Amino acid sequence: MTSVQLETPHSGKYEQPTGLFINGEFVKGVDGKTFEVINPSNEKVITSVHEATEKDVDIAVAAARKAFEGPWRKETPEQRGKYLVKLADLFEQNLDLLAAIESLDNGKAISMAKVDVGMCAGCLRYYGGWADKIEGKVIDTTPDTFNYTKKEPIGVCGQIIPWNFPLLMWAWKIGPAIACGNTVVIKTAEQTPLSALVAARLVKEAGFPPGVINVLSGFGKIAGAAIASHMDVDKVAFTGSTVVGRQIMKAAAGSNLKKVTLELGGKSPNIVFEDADIDNAISWVNFGIFFNHGQCCCAGSRVYVQESIYDTFLQRFKERASKNVVGDPFGADTFQGPQVSQVQFDRIMSYIEEGKKSGAKVETGGERKGKEGFFIEPTIFSNVTEDMKIVQEEIFGPVCSIAKFKTKEDAIRIGNSTTYGLAAAVHTSNLNTAIEVSNALKAGTVWVNAYNMLHHQLPFGGFKESGIGRELGEAALDNYTQVKTVSIRLGDALFG
Ligand code: ADP
């Protein structure tokens, strides 16, 4: 059996594929293994899916290789674009279903899940548009040569994605890889395999040739590690924790030196100056940390407020955070659902305990919410020092610290005082402050008077230990192409 009937409160009954999607078909794993998928809202088993082991990775990579060297190479760039645009259309047509599966499996609020799916469609369509605009150059050197460059696909791309945005990360990875003419073996996170399997069915419906996109459910240490060290995978793209990012790089280095792009963790500063519009700043700071239950690599988990407005800001931020509706992901007003898993829940709660023990003050939250499901209260810590674990390490939950700063120079220094550099934000009504501080912050994205405003046209990725390479925008095409130089000697002049 490679599918089951499931039901969600938002979209009713539907057919959920459970197989591995290899060479255009849903199949069982060679070893016949399955694993359970847990609903984080009630801790109950939703269903089981087939698990990919090393052997299945080999089969999927072989299918992707065959497609890459065969039919996919012969497709025109225009046709690649059409497939992606068709897939984007199918995402939109199935928006309610896909969003509901995200809420069921990941626990994200349905209103936010719908935004995610809309963004997936935007991303896939955007890269569909790029497919026939990937161009090389003619480069004049000497009169007796004709030189040009081509941007060729890299080949078989192994892609390993996390559980916090199961579909959006899928689209971010698939869009540019396919636009550039690569084939893909993508492994979803073991916590959230369901939506990507429905997306795989849409891949088939969109008419992609078999083997071009292969979707595997499986564990990081088994299927993920097999992809990262595979001798016939030409490139690996990973989004996840910094710890695993390092392992992926090692595996690439120890195997065939496959190309590596990494989108890793963060501990992003959200800096509020005294001249900011305070209502707006509070909304964005709240959204910056508590959106997606704090499970965002770019979460604004370190809030810094200029001292003259600190007390007022903190009071109002507390009030705002305690009004966030935490509960059933399918509730229309819900802003924050459960954390994704027991492991993540325990990790976050241990950071909260650590914060309490180290002398930080809980301004609001700090406890589990309810008795069932992995719900945690939105939590703000004050009275923090820069060396505290809760200020330095990525918590990946609805927990932030808040502290005051005096001057612009202070703000820049503390903003840059972690090993990460994924994102940052500045809230101010002064254009000079906005630009000066944005320029000085060592982060891949800086928002001004906003937070979490990702868009498929805008590159996203990390400075420092937050990653290598950029996703989204034109920049992502560099990850999925390699430049070939062709230099033609003209005329019949002999060498030497
Ligand atoms: P988290 O700790 O938040 O779950 P991870 O970085 O562990 O994040 O996981 C992100 C993705 O990386 C998941 O798809 C996971 O299965 C995969 N993964 C975990 N460990 C490894 C590994 N050693 N090699 C390859 N992939 C891995």
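Residues numbered from 1 in each chain as written. Predicted model: local features only at pLDDT ≥ 70, side-chain atom pairs only at ≥ 80, totals over all residues. Heavy atoms only, no water.

## Let's talk about the site of the ligand
So, point 1. Taken together, 19 residues sit near the ligand, with I161, K187, E190, S241 and Q247 positioned nearest.
So, point 2. Residue Q247 places a side-chain N or O atom 2.9 Å away from a nitrogen atom belonging to the ligand.
So, point 3. Protein coverage of the free-state accessible area of the ligand, which is 550 Å², stands at 83%.
So, point 4. Taken together, the elements giving at least two residues each to the shell around the ligand come down to α8 (220–228), β11 (235–239) and α9 (242–254).
So, point 5. Tallied by class, residues from the shell around the ligand come to eight nonpolar, nine polar and two charged. (Near = heavy atom within 4 Å. Polar contact = N/O pair within 3.5 Å; in protein donor to acceptor, adjacent residues only side chain to side chain. Areas by Shrake-Rupley, 256 points an atom, 1.4 Å probe, with all protein chains shown as cover. Helix = DSSP H or I, 4+ residues; strand = E, 2+ residues; numbered from the N terminus. Nonpolar A, V, L, I, M, F, W, Y, C, P; charged D, E, K, R; others polar.)

## Observations concerning unusual backbone geometry
So, point 1. Within the chain, L257 stands out as a residue other than glycine whose phi angle is a positive 55°.
So, point 2. Looking at the element boundaries, L257 is found in the loop between α9 and β12 (259–263).
So, point 3. Residue L257 is classed as exposed on the basis of its relative accessible area of 62%.
So, point 4. The phi dihedral of H293 falls on the positive side, at around 65°, and the residue is not glycine.
So, point 5. The topology assignment puts H293 in the loop between α10 (278–290) and β14 (302–306). (Buried < 20%, exposed > 50% of the residue type's maximum accessible area, 1.4 Å probe, protein only.)

## Considering the UniProt feature "domain: Aldehyde dehydrogenase" (unreviewed entry) in the protein
So, point 1. Within this numbering scheme, the UniProt entry marks residues 27–486 as carrying the feature "domain: Aldehyde dehydrogenase" (unreviewed entry).
So, point 2. For residues 27–486, the end-to-end C-alpha separation is 42 Å, with 41% helix and 20% strand making up the annotated structure. (UniProt positions renumbered as here; feature names shortened; annotations may be inferred.)

## Describing the environment of Y14
So, point 1. Within the secondary structure, Y14 sits in strand β2 (residues 12–17).
So, point 2. Relative accessible area serves as the criterion here: at 6%, Y14 is assigned to the buried category.
So, point 3. When the C-alpha positions of Y14 and D144 are compared, they lie 65 Å apart, and in sequence the two are 130 residues distant.
So, point 4. Setting aside chain neighbours within four positions, we find Y14 in contact with V4, Q5, L6, E7, T8, L97, I101, L104 and V198.
So, point 5. Polar side-chain contacts of Y14 include one of 2.7 Å to the side chain of Q16. (Contact = heavy atoms within 4.5 Å.)

## Structural notes on the domain arrangement of the protein
A common way to state how big an interface is: give the accessible area lost once the parts meet.
So, point 1. The domains assigned to the protein are domain 1 (3–264 + 466–483) and domain 2 (269–448).
So, point 2. On the domain 2 side, the residues contacting the 28 residues of domain 1 number 29 residues.
So, point 3. Taking both partners together, domain 1 and domain 2 bury about 2300 Å²; carbon and sulfur atoms supply 61% of that area.
So, point 4. The largest contributions to the domain 1 side of the interface with domain 2 come from E43, W163 and S466, which together make up 24% of the buried area.
So, point 5. The tally of links from domain 1 across to domain 2 stands at two salt bridges. (Domains from an automatic or database assignment. Buried area = accessible area lost by both parts, 1.4 Å probe. Salt bridge = Lys/Arg side-chain N within 4 Å of Asp/Glu carboxyl O.)

## Considerations on the pattern of salt bridges
So, point 1. Taken as a whole and assessed by the stated rule, the structure comprises 25 salt bridges.
So, point 2. K187 is the salt-bridge partner of E190, the closest N and O atoms lying 3.5 Å from each other.
So, point 3. Exposure remark for E190: the relative accessible area of 24% places this residue in the partly exposed category.
So, point 4. A salt bridge links K356 to E353; its shortest N-O distance comes to 3.5 Å. In this pair, K356 and E353 both sit in helix α12 (residues 342–357), three residues apart, roughly one turn of the helix.
So, point 5. When its relative accessible area of 28% is taken as the criterion, K356 is described as partly exposed.
So, point 6. Beyond isolated ion pairs, a larger network of salt bridges with shared partners links R65, E69, D232 and D234.

## A closer look at the packing of helix α3 (residues 77–93) against helix α7 (residues 194–206)
So, point 1. With their axes 9 Å apart at the nearest point, α3 and α7 run at an angle of 130° to one another. On the basis of their axis angle, the class for α3 and α7 is oblique. Relative to α7, the crossing made by α3 is right-handed. Together, Y83, K86, L87, L90 and F91 of α3 and A199, L202, V203, E205 and A206 of α7 make up the contact between the two elements.
So, point 2. For the contact of α3 with α7, a count of residues per class yields eight nonpolar, no polar and two charged. (Axes fitted to C-alpha atoms, helices over the stretch in contact; angles between N-to-C directions. Parallel < 35°, antiparallel > 145°, perpendicular 65-115°, else oblique. Left-handed = near helix turned anticlockwise from the far one by under 90°.)

## Details of the environment of K74
So, point 1. Along the polypeptide, K74 turns up in helix α2 (residues 71–74).
So, point 2. Of the residues examined, K74 reaches a relative accessible area of 70% and is grouped as exposed.
So, point 3. A C-alpha to C-alpha distance of 25 Å links K74 and H230, two positions 156 residues apart in sequence.

## Let's talk about the sheet that holds β14
So, point 1. If you walk across this open sheet you meet the seven strands as β15-β16-β17-β14-β13-β19-β20, and the pairing is mixed. Each of the sheet's edge strands pairs with one partner strand only, and the pair in question is β15 (361–364) and β20 (445–448). Averaged over all adjacent pairs, the angle separating strand axes in this sheet is 25°, with direction ignored.
So, point 2. In this structure, strand β13 (residues 269–272) lies alongside β14, joined through four bridges in parallel fashion. Within β14, the position partnered with V272 by the bridge is V305.
So, point 3. Docked against the sheet, α10 engages β13, β14, β16 (379–382), β17 (399–405) and β19 (423–427), running at close to 170° with respect to β13.
So, point 4. Contacts from α12 reach β15, β16 and β17, with the element oriented near 25° to β16. (Pairing = 2+ DSSP bridges.)

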